[in-house]
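# Report on the structure
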Amino acid sequence: VVGRLASVGLKLIPEEARREMANKGIDLANFDIDELIRLVDQGLVDGKIVDVDTDDPREGRTKVEVYVE
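Here's what I pulled together on the structure shown here. Quantities reported herein were computed from a predicted structural model and do not represent experimental measurements. (Residues numbered from 1 in each chain as written. Predicted model: local features only at pLDDT ≥ 70, side-chain atom pairs only at ≥ 80, totals over all residues. Heavy atoms only, no water.)

In this section: the overall build of the chain. Each helix and strand counted, the chain has 3 helices and 2 strands in total. Taking all 69 residues of the chain together, the buried fraction comes to 19%. Long-range pairs, those at least 24 residues apart, make up 37% of the contacts in the chain between residues at least 6 apart in sequence. Summed over its atoms, the accessible surface of the chain is roughly 5,300 Å², and 51% of this surface lies on carbon and sulfur atoms. (Helix = DSSP H or I, 4+ residues; strand = E, 2+ residues; numbered from the N terminus. Buried < 20%, exposed > 50% of the residue type's maximum accessible area, 1.4 Å probe, protein only. Contact = heavy atoms within 4.5 Å. Areas by Shrake-Rupley, 256 points an atom, 1.4 Å probe, with all protein chains shown as cover.)

Here you go:
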């Protein structure tokens, strides 16, 4: 179920934002939710896990932030 949600979520992120995340080493296509859960359980994630801000002249400004609570 989580894998399907991630796949659908990827389609909602504009291409420019996905490129910017890829440039920063963020590969959402290979996102490992189990690894994220492990890091959160160990207290290694401080909340914000993704922060991308792009400005495309054609599509406008896109800001993507992902937090874990």
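In this section: the pairing of strand β2 (residues 60–67). As defined by bridge partners, strand β1 (residues 48–56) adjoins β2 across 8 bridges and the pair is classed as antiparallel. Each residue of the ladder has a partner; that of Thr54, found in β2, is Thr62. (Pairing = 2+ DSSP bridges.)

The final tally for this structure, using the stated rule, is 6 salt bridges. Across the salt bridge formed by Glu15 and Arg18, the nearest N and O atoms sit 3.4 Å from each other. Of this pair, Glu15 and Arg18 both sit in helix α2 (residues 15–23), separated by 3 residues, roughly a single helical turn. With relative accessibility at 32%, the residue Arg18 sits in the partly exposed group. Its salt-bridge partner being Arg19, residue Glu16 comes within 2.7 Å of it at the nearest N-O pair. Of this pair, Glu16 and Arg19 are both found in helix α2, 3 residues apart, which corresponds to roughly one turn of the helix. In this structure Arg19 comes out as partly exposed when scored by relative accessible area, which is 37%. What emerges from the salt-bridge pattern is a single network uniting Glu15, Glu16, Arg18 and Arg19. (Salt bridge = Lys/Arg side-chain N within 4 Å of Asp/Glu carboxyl O.)

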